[in-house]
Amino acid sequence: MSTTDRVHLDQKGRLVIGDHAEVVRLAHDPETFSSIVSRHLQVPNGLDGAAHAEMRHLLDPFMDADAVAQLLPELERIAADLVARLDAADAPFGAVADLGARFAVRAQSAWLGWLPEWEEPLLQWVADNRVASRTGHPRATAEIADRFDAIIRELLRRRREHPRDDVTTRLMGLRHSDGSALRDDELVSILRNVTGGDLGSLALCTGVIVHWLAVHPEHQDHLAAASDADLDAAIDEILRADDPFVSNRRRVTRQTEVGGCPVHAGQIVVLDWRAANRDPAVFVEPDAFDPAAHAAANLVYGTGPHVCPGRLLATGELRVLVRALLTAGRIEPAGDPEREQAPVAGFRAVPVRLV
Ligand code: HEM
């Protein structure tokens, strides 16, 4: 098979697509490029067609602009508190482990209504999940997924005993369009998708953004004073150039072509968001910081029917955290950053200090 720089076979023999136009085309053709790629239930990301649309219809309102606006004061409080503690310690800290991961767990717990007692087990899980993702061993990743499921099942059990007025309880009350209640395995899968994966993504996004700010001090003042919209655009652009959310898979449903390569039914192809976000055919200088010029083609949150429903929530969370940091002081590097190891992107460690 003849491949190019932007379409290649990986070690597992999967066709990886980093060509921006092809990634967009595939993401918008779910009939030919199905999201049913796993034998495990994945709600909503591993669903297609009507079943997928039904779940998005149920879930999207939990993460829409109104939901995020309601949560913002709490997010601001969490960010201010975390940054004040790090600032008061007057010592270097890790933007991924000390700031991003902890903020992600607290912010997602505030959104879902989870009690502080879950913070340490969740943080431990985020750290172990990254180790398992680095090794890529199916048994390690299955074990870590089972551990998360056990945490969620215990949460659901306790919530049934003591219902509260929060997002988790409301998710548990959702009904399919035929009136049937969501099964426990569907709820576990939903909660896994809106927490498990994204706790890690938010921590990695924080590392990428804080690293960029530390090595681009000339942008710190104007971003500290920027409007929400301008700060959001800057964050999206920083993440585009160094996207820590690497890829998603699709299963080919019929004989066709991708990037000039023939593909057959059943074959797995990989949408490489990270490479597509740096495709020089679209972003002539991929490292240039140009939020206005690059926004329309930015694929950090995906595109098509599976486009990230958590985008506004993630953006709001990252915005309040960055604002809290920039308000507290100047961000300076405090040592060498350590890159993550493929297949994970972003940074393992970003030592910084606030001055
Ligand atoms: C932190 C930064 C985040 C990034 C970079 C990100 C990125 C993405 C991307 C690229 C997709 C598309 C997947 C595909 O096409 O197969 C996606 C889907 C998804 N994201 Fe996010 N996401 C983030 C945060 C969040 C948050 C905070 C939530 C929820 C609270 C969330 C929930 C989801 C869900 C449920 C899906 C599956 C949607 C579907 O299949 O219809 N994400 N995300």
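Cut-offs and rules
- Residues numbered from 1 in each chain as written.
- Predicted model: local features only at pLDDT ≥ 70, side-chain atom pairs only at ≥ 80, totals over all residues.
- Heavy atoms only, no water.
- Helix = DSSP H or I, 4+ residues; strand = E, 2+ residues; numbered from the N terminus.
- Rg over C-alpha atoms; globule rule 2.2 N^0.38 Å.
- Buried < 20%, exposed > 50% of the residue type's maximum accessible area, 1.4 Å probe, protein only.
- Contact = heavy atoms within 4.5 Å.
- Areas by Shrake-Rupley, 256 points an atom, 1.4 Å probe, with all protein chains shown as cover.
- Phe/Tyr/Trp six-rings, centres within 6.5 Å; stacked < 30°, edge-to-face > 60°.
- Lys NZ or Arg CZ within 6 Å of the ring centre and 35° of its normal.
- Near = heavy atom within 4 Å.
- Polar contact = N/O pair within 3.5 Å; in protein donor to acceptor, adjacent residues only side chain to side chain.
- Pairing = 2+ DSSP bridges.
- Axes fitted to C-alpha atoms, helices over the stretch in contact; angles between N-to-C directions.
- Core = buried A, V, L, I, M, F, W, Y, C linked by side-chain atoms within 4.5 Å.

Asker: How do you make sense of the overall build of the protein when you look at a structure like this?
Answerer: Within the protein, the secondary structure is distributed over 13 helices and twelve strands. Whereas a compact globule of 355 residues would reach a radius of gyration of roughly 20 Å, the protein reaches 20 Å, a difference of no more than 12%. Reported as C-alpha extents along the three principal axes, the dimensions of the protein are approximately 60 × 55 × 35 Å. A total of 355 residues make up the protein; the buried ones form 49% of that total. For the protein, the proportion of contacts with a sequence separation of at least 24, taken over those separated by at least 6, is 70%. Accessible surface for the protein amounts to roughly 16300 Å². Of this, 54% is attributable to carbon and sulfur atoms.

Asker: Which parts of the structure should I look at to understand the packing of aromatic side chains?
Answerer: What characterises a pair of aromatic rings is the spacing of the ring centres plus the angle enclosed by the ring planes. In the structure shown here, the tally under the stated rule is two aromatic pairs. When the centroid spacing of 4.4 Å and the interplanar angle of 50° are considered together, the rings of Trp125 and Phe148 count as tilted. A residue pair is termed long-range when its members are at least 10 positions apart, and Trp125 in helix 5 (residues 119–135) and Phe148 in helix 6 (residues 138–161) qualify at 23 residues. When sorted by exposure, Trp125 lands in the same class as Phe148, which is buried. Taking 4.7 Å as the distance between ring centres and 35° as the angle between the ring planes, the aromatic pair formed by Trp212 and Phe289 counts as tilted. Taken together, the residues span a long stretch of sequence, with Trp212 in helix 8 (residues 184–215) and Phe289 in the loop between helix 11 (273–276) and helix 12 (291–294) at a distance of 77 residues. With relative accessibility at 25%, the residue Phe289 sits in the partly exposed group. The ring of Phe283 carries Arg240 above its face, with NZ or CZ at 4.5 Å from the centroid. Above the plane of the ring of Phe347 lies Arg339, whose end atom (NZ or CZ) is 4.0 Å from the centre.

Asker: Even after reading the chapter, I still don't get the site of the ligand, so can you show me in this structure?
Answerer: Around the ligand sit 26 residues, and of these His52, Arg56, Arg250, His306 and Cys308 come closest. Residue His52 places a side-chain N or O atom 2.6 Å away from an oxygen atom belonging to the ligand. One of the side-chain nitrogen or oxygen atoms of Arg250 is found 2.8 Å away from an oxygen atom of the ligand. Listing elements by their share of the shell around the ligand, those giving two or more residues are helix 2 (49–59), helix 4 (95–112), helix 8, strand 5 (247–252) and helix 13 (311–328).

Asker: What is the right way to read the sheet that holds strand 3 (residues 33–34) from this model?
Answerer: Adjacent strands of a sheet form backbone hydrogen bonds with each other and so pair up, either parallel or antiparallel. One open sheet holds the five strands; their spatial order is 1-2-8-5-3, and the pairing between them is mixed. Each having just a single partner strand, strand 1 (7–9) and strand 3 make up the two edges of the open sheet. Both strand 2 (residues 15–17) and strand 8 (residues 268–272) contribute to a ladder of three bridges, which runs parallel. Each bridged residue has a counterpart across the sheet, and for Leu15 the counterpart in strand 8 is Val269. Helix 1 (residues 20–27) rests against strand 2, strand 3 and strand 8 of the sheet, and its axis sits at about 120° to strand 8.

Asker: Looking at this structure, I do not really get the environment of Gly94. What am I missing?
Answerer: Its place among the elements puts Gly94 in strand 4 (residues 93–94). Residue class for Gly94 comes out buried when judged on its relative accessible area of 17%. Sequence separation of Gly94 and Arg139 is 45 residues, and the distance between their C-alpha atoms is 29 Å. Beyond its immediate chain neighbours, meaning those up to four positions away, Gly94 contacts Leu99 and Val350.

Asker: Please explain the nonpolar core as it appears in this structure.
Answerer: One broad trend across soluble globular proteins is that nonpolar side chains are buried collectively. The biggest cluster of nonpolar side chains holds 82 residues, and the ones touching the most others in it are Trp111, Leu171, Leu239 and Ile331. For this core, the leading source of residues is helix 8, giving 15 residues. If we ignore the near neighbours within four places in the chain, the residues touching Ile331 are Val210, Leu213, Ala214, Gln220, Leu325, Leu326, Val352, Arg353 and Leu354. Ranked by size, the runner-up nonpolar core spans 16 residues in total, among them Leu15, Ile17, Leu271 and Leu299.

Asker: For this particular structure, what's the right way to read the sheet that holds strand 9 (residues 331–333)?
Answerer: Ordered in space as 4-12-9, the three strands form an open sheet in which the pairing is antiparallel. Strand pairing shows two members of the sheet lacking a second neighbour, strand 4 and strand 9, which therefore form its edges. Relative to strand 12 (residues 351–354), strand 4 is paired through two bridges, and the arrangement is antiparallel. Across the sheet, the residue bridging to Phe93 is Val352, located in strand 12.

Asker: When you look at unusual backbone geometry in this model, what are you seeing that I'm missing?
Answerer: Leaving glycine out, the prevailing phi sign among residues is negative, and the prevailing peptide bond configuration is trans. Along the chain, Val43 connects to Pro44 via a cis peptide bond; the corresponding omega equals 0°. With an omega of 10°, the peptide bond running from Ala342 to Pro343 counts as cis. Tracing the backbone through its elements, the reader meets Pro343 in the loop between strand 10 (338–339) and strand 11 (347–349). Within the chain, Asp90 stands out as a residue other than glycine whose phi angle is a positive 50°. With respect to the element layout, Asp90 can be found in the loop between helix 3 (65–89) and strand 4.

Asker: Sorry, what's going on with the pairing of strand 5 here?
Answerer: Consecutive side chains along a regular strand alternate between the two faces of the sheet. Where strand 3 lies against strand 5, two bridges are found, and the strand directions are antiparallel. Bridge assignment links Phe33 to a residue of strand 5, and that residue is Val252. Sheet analysis places strand 5 next to strand 8, joined by five bridges and oriented antiparallel. Paired with Ser247 across the bridge in strand 8 is Asp272.

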